[in-house]
Amino acid sequence: RDEWADRFPAATHPIVALRGAPARFPILEEHNKLHRYLVWSDQMADKRDRLIAETLPNGKFVGLHIRNAGDWENACKHVDQSAGSQMMASPQCVGYSAAMGTVTKEMCLPSRQSIAQHAADAVRRIGASAVYVATPGDPMLSEIQAAVGTAVKVVHLNASPQMDLAILAQSDHFIGNCVSSFSAFVRQERDARGKPSSFFNHGVSHLSPSIVHEDL
């Protein structure tokens, strides 16, 4: 840190543009805690709060990150060819030593029925009044609506990826994709805030490491 500050002092280098990721992918276990220092700009935070207030009813909401586009389907075909225990960002849910299971195709590419059922279970468990869906593919609005019932509002804004990240981090419960680094970003911010997360077709519920222990 001192070397970085000496080489790029903030007074003369307020912004540093990097051509690639400054760290390994997936993130190292000891680096997860660094996410607590990430803060959304005031402009992003204000827009996030306004969108939540304008599009979601009062009360709790569940955030879903769904990966089901063609590129993701192709990626999940390689689950069986992976090391058997890890794939991409999967350490976020199975642990860095795979102590909480191994990656399965159902975790990478959950069925539509499974996604809808997970949403309904989470809504019922926390008494949510809305579900916010973030996805680059099919948001499955009709299927999720049928699963959660007409009293619950299901929303997909087709927002920017950054805004989806910001909104998902504010949800009262988040369900993500175990293998996705996008879900991992949300999970890390939620860990820093002490908010619960879970993953499709993975039975372990995750709380902030500051509350439980720093294993992820």
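Q: Just checking my understanding: could you explain the packing of helix H2 (residues 42-55) against helix H8 (residues 161-170) for this structure?
A: How two helices pack is summed up by the angle between their axes together with the distance between the axes. Relative to each other, H2 and H8 sit at 65°, their axes nearing to 10 Å. For the pair H2 and H8, the crossing hand works out as right-handed. Contacts between H2 and H8 pair Met44, Lys47, Arg48, Leu51 and Ile52 from the former with Gln162, Met163, Ala166, Ile167 and Gln170 from the latter. Split by residue class, the contact of H2 with H8 holds six nonpolar, two polar and two charged.

Q: I'm lost on H8 in this one. Help?
A: At 3.6 residues per turn, the α-helix brings residues three or four places apart onto the same side. By the criterion of burial, H8 is predominantly enclosed, with eight of the 10 residues buried. Three or more residues of H8 are buried, namely Met163, Asp164, Leu165, Ala166, Ile167, Leu168, Ala169 and Gln170. On its buried face, H8 sits against H2, strand S1 (61-65), strand S2 (130-134), strand S4 (173-176) and helix H9 (181-193).

Q: What am I meant to see in the packing of aromatic side chains here?
A: We describe a pair of aromatic rings using the distance from one ring centre to the other and the angle between the two ring planes. On inspection of all chains with the given rule, the structure shows two aromatic pairs. Summarising the aromatic geometry, the rings of tryptophan 4 and phenylalanine 8 are spaced 4.9 Å apart at their centres and angled 55° between planes, so their arrangement reads as tilted. A residue is classified by how much of its surface remains accessible, and tryptophan 4, at 48% relative accessible area, is partly exposed.

Q: Is there a simple way to explain the nonpolar core in this structure?
A: Taken as a class, soluble globular proteins show a tendency for nonpolar side chains to be buried jointly. Core analysis: the largest hydrophobic core is formed by 18 residues, its most contacted members being Val62, Leu64, Val131, Ile144 and Val148. Those elements giving two or more residues to this core turn out to be S1, helix H6 (112-126), S2 and helix H7 (141-148). The biggest single contributor to this core is H6, with five residues. Sequence-distant contacts of valine 148, that is, excluding residues within four places in its chain, are made with Ala119, Ala120, Val123, Val131 and Val154.

Q: Explain the side chain of glutamate 189 here, please?
A: When you line up the elements, glutamate 189 lands in helix H9. The contacts of glutamate 189, once residues within four sequence positions are left out, are His35, Trp40 and Ala169.

Q: Explanation requested: the pattern of salt bridges in the structure shown.
A: In a structure, side chains of opposite charge can pair up when their charged atoms sit close to one another. For the structure on display, the rule yields seven salt bridges. As a salt-bridge pair, arginine 112 and aspartate 138 come within 2.7 Å of each other at their nearest N and O atoms. With a gap of 26 residues between them, arginine 112 in helix H6 and aspartate 138 in the loop between S2 and H7 connect regions that are remote in the sequence. Among the residues examined, arginine 112 registers a relative accessible area of 37% and is labelled partly exposed. For arginine 124, the salt bridge is made with aspartate 121, and the minimal N-O distance between the two is 2.6 Å. Of this pair, arginine 124 and aspartate 121 both sit in helix H6, three residues apart, roughly one helical turn. Given a relative accessible area of 57%, arginine 124 falls into the exposed group. One connected set of salt bridges, linked through shared partners, spans Arg112, Asp138 and Glu143.

Q: Help me out: how do you make sense of the side chain of serine 183 in this one?
A: As for its position among the elements, serine 183 is in helix H9. Classification of serine 183 as buried rests on a relative accessible area of 0%. Polar contacts involving the side chain of serine 183 include one to the main-chain amide nitrogen of asparagine 177, which spans 2.8 Å. Excluding anything up to four places from it in sequence, serine 183 contacts His65, Gln92, Phe174, Gly176 and Asn177.

Q: Got a minute to help me understand the packing of H6 against H7 in this structure?
A: Remark: H6 packs on H7, axes separated minimally by 8 Å, with the N-to-C direction vectors making an angle of 40°. As judged from the angle between their axes, H6 and H7 are oblique. Our pair here, H6 against H7, has a crossing hand that is right-handed. On the side of H6, the interface is formed by Arg112, Ala116, Ala119, Ala120 and Val123, while H7 contributes Glu143, Ile144, Ala147 and Val148. Here the residues of the contact of H6 with H7 are counted per class, giving seven nonpolar, no polar and two charged.

About the cut-offs
Residues numbered from 1 in each chain as written. Predicted model: local features only at pLDDT ≥ 70, side-chain atom pairs only at ≥ 80, totals over all residues. Heavy atoms only, no water. Axes fitted to C-alpha atoms, helices over the stretch in contact; angles between N-to-C directions. Helix = DSSP H or I, 4+ residues; strand = E, 2+ residues; numbered from the N terminus. Left-handed = near helix turned anticlockwise from the far one by under 90°. Contact = heavy atoms within 4.5 Å. Nonpolar A, V, L, I, M, F, W, Y, C, P; charged D, E, K, R; others polar. Buried < 20%, exposed > 50% of the residue type's maximum accessible area, 1.4 Å probe, protein only. Phe/Tyr/Trp six-rings, centres within 6.5 Å; stacked < 30°, edge-to-face > 60°. Core = buried A, V, L, I, M, F, W, Y, C linked by side-chain atoms within 4.5 Å. Salt bridge = Lys/Arg side-chain N within 4 Å of Asp/Glu carboxyl O. Polar contact = N/O pair within 3.5 Å; in protein donor to acceptor, adjacent residues only side chain to side chain. Parallel < 35°, antiparallel > 145°, perpendicular 65-115°, else oblique.

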